[in-house]
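Architecture and fold: a report
Here is what each chain is made of, one letter per residue.
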Amino acid sequence: MKKIAKSPSESKTIVTDLVLPSETNSINTLFGGELLARMDRAASIAAQRHSEKVVVTASVNHVAFNNTIPLGSIVTIKAKVSRAFKTSMEVYLDVWYNDNNNWNTPIKANEAIFTFVAVDEKRKPVVIPQLKPETSEEKKRFDGALRRRQLSLVLAGKIKAEEATELKALFK
């Protein structure tokens, strides 16, 4: 029998890789698109671990390129489901790197939020387990996910601003 709720740690995915010359731009830093592709793969694995289904990327909600990643660096992408809705889930990613000048202390390069939808063999959305956050960081990301979702739905015209109760509460 499938679980009704799962822990974010059950979806935790860590992907580690090197930055090679063919993946860099003219200033010898990792292409942003290359990093996005790596993040999409890591996030999709986390989403599949949570849903136990095939998943498709529904949206890239937020990406912050805070630090460039130099050629030769070791890149580590950490992904976990931060909230599960009926058929979709938000995955939060943190990207770190170590380079030739900094082997012992990882540098945070990037963070992002992706949304995935679980689908069946006919590519129709399917219901997924809920999420039960455990740590304070997981609870903070879980709470913020509903506001982020409501904002996305308002901007897409799928709900009216008056219906976004979690967003409205921020301004009271």
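Residues numbered from 1 in each chain as written. Predicted model: local features only at pLDDT ≥ 70, side-chain atom pairs only at ≥ 80, totals over all residues. Heavy atoms only, no water.

Quick notes on the overall build of the chain
When you go through the chain residue by residue, the secondary structure sums to 3 helices and 7 strands. Secondary structure elements of the chain occur, N-terminal to C-terminal, as β-β-α-β-β-β-β-β-α-α. Taken along its principal axes, the extent of the C-alpha atoms in the chain is 50 × 45 × 30 Å. Expressed as a percentage of the 172 residues in the chain, the buried residues total 40%. Residue pairs in contact within the chain that sit at least 24 positions apart in sequence constitute 68% of those at least 6 positions apart. Of the roughly 10000 Å² that the chain leaves accessible, carbon and sulfur atoms contribute 54%. Charge separation in the chain, taken as the distance between the mean sites of 27 positive and 19 negative side-chain charges, equals 5 Å. (Helix = DSSP H or I, 4+ residues; strand = E, 2+ residues; numbered from the N terminus. Buried < 20%, exposed > 50% of the residue type's maximum accessible area, 1.4 Å probe, protein only. Contact = heavy atoms within 4.5 Å. Areas by Shrake-Rupley, 256 points an atom, 1.4 Å probe, with all protein chains shown as cover. Lys, Arg positive; Asp, Glu negative; His and termini not counted. Charge placed at Lys NZ, Arg CZ, Asp CG, Glu CD.)

Side note on helix 1 (residues 32-51)
An ideal rise of 1.5 Å per residue puts 28 Å on 20 residues; helix 1 measures up with 28 Å between its terminal C-alpha atoms. Listed as buried for helix 1 are Leu35, Arg38, Met39, Ala42, Ala43, Ser44, Ala46, Ala47, His50 and Ser51. (Expected span 1.5 Å × (residues − 1).)

Some thoughts on the sheet that holds strand 4 (residues 74-84)
Ordered by their spatial adjacency, 5 strands build an open sheet running 2-4-5-6-3, and the pairing between neighbours is antiparallel. The open sheet has two edge strands, strand 2 (13-18) and strand 3 (54-65), and neither has a second partner. Between one strand axis and the next, the sheet turns through 25 degrees on average, direction left out of account. As judged from the 10 bridges shared by strand 3 and strand 6 (residues 102-119), these two strands associate in the antiparallel manner. Its bridge partner lying in strand 6, His62 is registered against Ile113. Along the sheet, helix 1 makes contact with strand 2, strand 3, strand 4, strand 5 (88-99) and strand 6, crossing strand 4 at roughly 45 degrees. (Pairing = 2+ DSSP bridges. Axes fitted to C-alpha atoms, helices over the stretch in contact; angles between N-to-C directions.)

A closer look at the environment of Arg141
By the secondary structure assignment, Arg141 is in helix 2 (residues 136-155). Between the alpha carbons of Arg141 and Arg83 there is a distance of 7.7 Å; along the sequence they are 58 residues apart. Not counting residues within four places of it along the chain, the set of residues in contact with Arg141 comprises Ser82, Glu90, Tyr92, Asp94 and Arg148. At a separation of 3.1 Å, a polar atom in the side chain of Arg141 contacts the side chain of Asp94. (Polar contact = N/O pair within 3.5 Å; in protein donor to acceptor, adjacent residues only side chain to side chain.)

Looking at the pairing of strand 6
Looking down a regular strand, the side chains alternate between one sheet face and the other. Bridge count between strand 5 and strand 6: 11 bridges; the pairing is antiparallel. Paired with Asp99 across the bridge in strand 6 is Asn102. Taken together, strand 5 and the strand that follows it, strand 6, pair antiparallel across an intervening segment of 2 residues.

Quick word on the nonpolar core
The biggest cluster of nonpolar side chains holds 29 residues, and the ones touching the most others in it are Ile69, Val91 and Leu93. It is helix 1 that provides the largest number of residues to this core, a total of 6 residues. The contacts of Val91, once residues within four sequence positions are left out, are Ala43, Ala46, Ala47, Ala79, Lys80, Val81, Ser82, Ala112, Ile113, Phe114 and Phe116. (Core = buried A, V, L, I, M, F, W, Y, C linked by side-chain atoms within 4.5 Å.)

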